[in-house]
Amino acid sequence: MIEGKRKVKVRPKVKLAVDVLMTLALLFLMGYQIWGETAHEWAGAGMLVLFLVHHLLNTGWYRNLFWGKYTVMRVLGSAVDLALLAVMICLMASGIVMSRHVFAFLPITGGMGTARLVHMAACYWGFVLMAVHLGFHWGIVMARVRGILRVSGESGIRILVLRILAFLIAVYGLYAFATRDLATYMFLGTQFVFLDYSESPISFYIDYLAMMGLFIWIVYYLSVFLRRSGSDNSPRAK
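Keep in mind that what you see is a predicted model, and the values were worked out from it rather than measured.

Chemist: What should I look at first to understand helix 6 (residues 112-136) in this one?
Modeler: Turn by turn, an α-helix covers 3.6 residues, leaving residues three or four places apart pointing in a common direction. Here helix 6 contains 25 residues, and its C-alpha end-to-end distance of 35 Å stays within 8% of the 36 Å for a straight helix at 1.5 Å per residue. Of all 25 residues making up helix 6, 18 are buried, and the element is well covered by its neighbours.

Here's what the structure looks like:
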């Protein structure tokens, strides 16, 4: 009985650790020009493993997919989750086709041009959809972080400061999203991605963290608005 309780307590921590590692891996993968092709491929292989583990830990979501009431947030969240699943499959399949290191032993010939375009679009869609996915679960993520850090009680000043900081990050994230032209890559407005090999890793990751923060901020406050307005009154299952 005690062993069973320990497993219940450990599982959320494992899920949080996997989610954090997936987020870090995604950010690493976005910096292809910083780390190089070999590191990019190995990180992609690691992301594949984390992706599989993530879904094994969340099998309950699949079991509950056709059960229960579908509120506005559940419809939106499920659509995003399914879209993210499809994009990640496309991303990993195209990456395996283009692989020159990790999966070079596979007897794959042809399809490089198509795989490159699919990989480019899926890369940026995956980045945006994963940020949106995090936004739907941000309340749960923060609750788990507070539990780990043992932060208790509510501080009005702390909440105000964090909200202002989140807003400023979102504003800068919108600027970075526009200046880095991510929408063009997402919708294949061009067949090539501009990679600045001279850019500082610090400035690169500040921009990408801000863009991630933008979508988390939008979705989190959308969910807060819908719940307070009565449009959504049930928790997400996943």
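Chemist: Would you mind showing me how to read the nonpolar core here?
Modeler: In summary, soluble globular proteins display a tendency toward joint burial of nonpolar side chains. Core analysis: the biggest nonpolar cluster contains 48 residues, and Met 30, Met 47, Met 88, Tyr 124, Phe 127, Tyr 208 and Met 212 have the highest contact counts within it. Those elements that place two or more of their residues in this core are helix 1 (2-30), helix 3 (37-57), helix 5 (72-98), helix 6, helix 8 (156-179), helix 9 (182-186) and helix 10 (201-229). The greatest single-element share of this core, amounting to 12 residues, is contributed by helix 6. Residues within four places of Tyr 208 in sequence aside, it is in contact with Leu 27, Met 30, Tyr 124, Phe 127, Arg 180 and Leu 182.

Chemist: Help me understand the packing of helix 3 against helix 5, please; the structure alone is not making it clear to me.
Modeler: In a packed pair of helices, the relevant descriptors are the angle between the two axes and the axis-to-axis distance. Remark: helix 3 packs on helix 5, axes separated minimally by 11 Å, with the N-to-C direction vectors making an angle of 145°. Crossing hand, helix 3 versus helix 5: left-handed. Judged by residue contacts, Glu 41, Met 47, Leu 48, Phe 51 and His 55 of helix 3 engage Leu 85, Met 88, Met 92 and Met 98 from helix 5. A per-class count over the contact of helix 3 with helix 5 returns 7 nonpolar, 1 polar and 1 charged.

Here is what the cut-offs are and how they apply
Residues numbered from 1 in each chain as written. Predicted model: local features only at pLDDT ≥ 70, side-chain atom pairs only at ≥ 80, totals over all residues. Heavy atoms only, no water. Helix = DSSP H or I, 4+ residues; strand = E, 2+ residues; numbered from the N terminus. Expected span 1.5 Å × (residues − 1). Buried < 20%, exposed > 50% of the residue type's maximum accessible area, 1.4 Å probe, protein only. Core = buried A, V, L, I, M, F, W, Y, C linked by side-chain atoms within 4.5 Å. Contact = heavy atoms within 4.5 Å. Axes fitted to C-alpha atoms, helices over the stretch in contact; angles between N-to-C directions. Left-handed = near helix turned anticlockwise from the far one by under 90°. Nonpolar A, V, L, I, M, F, W, Y, C, P; charged D, E, K, R; others polar.

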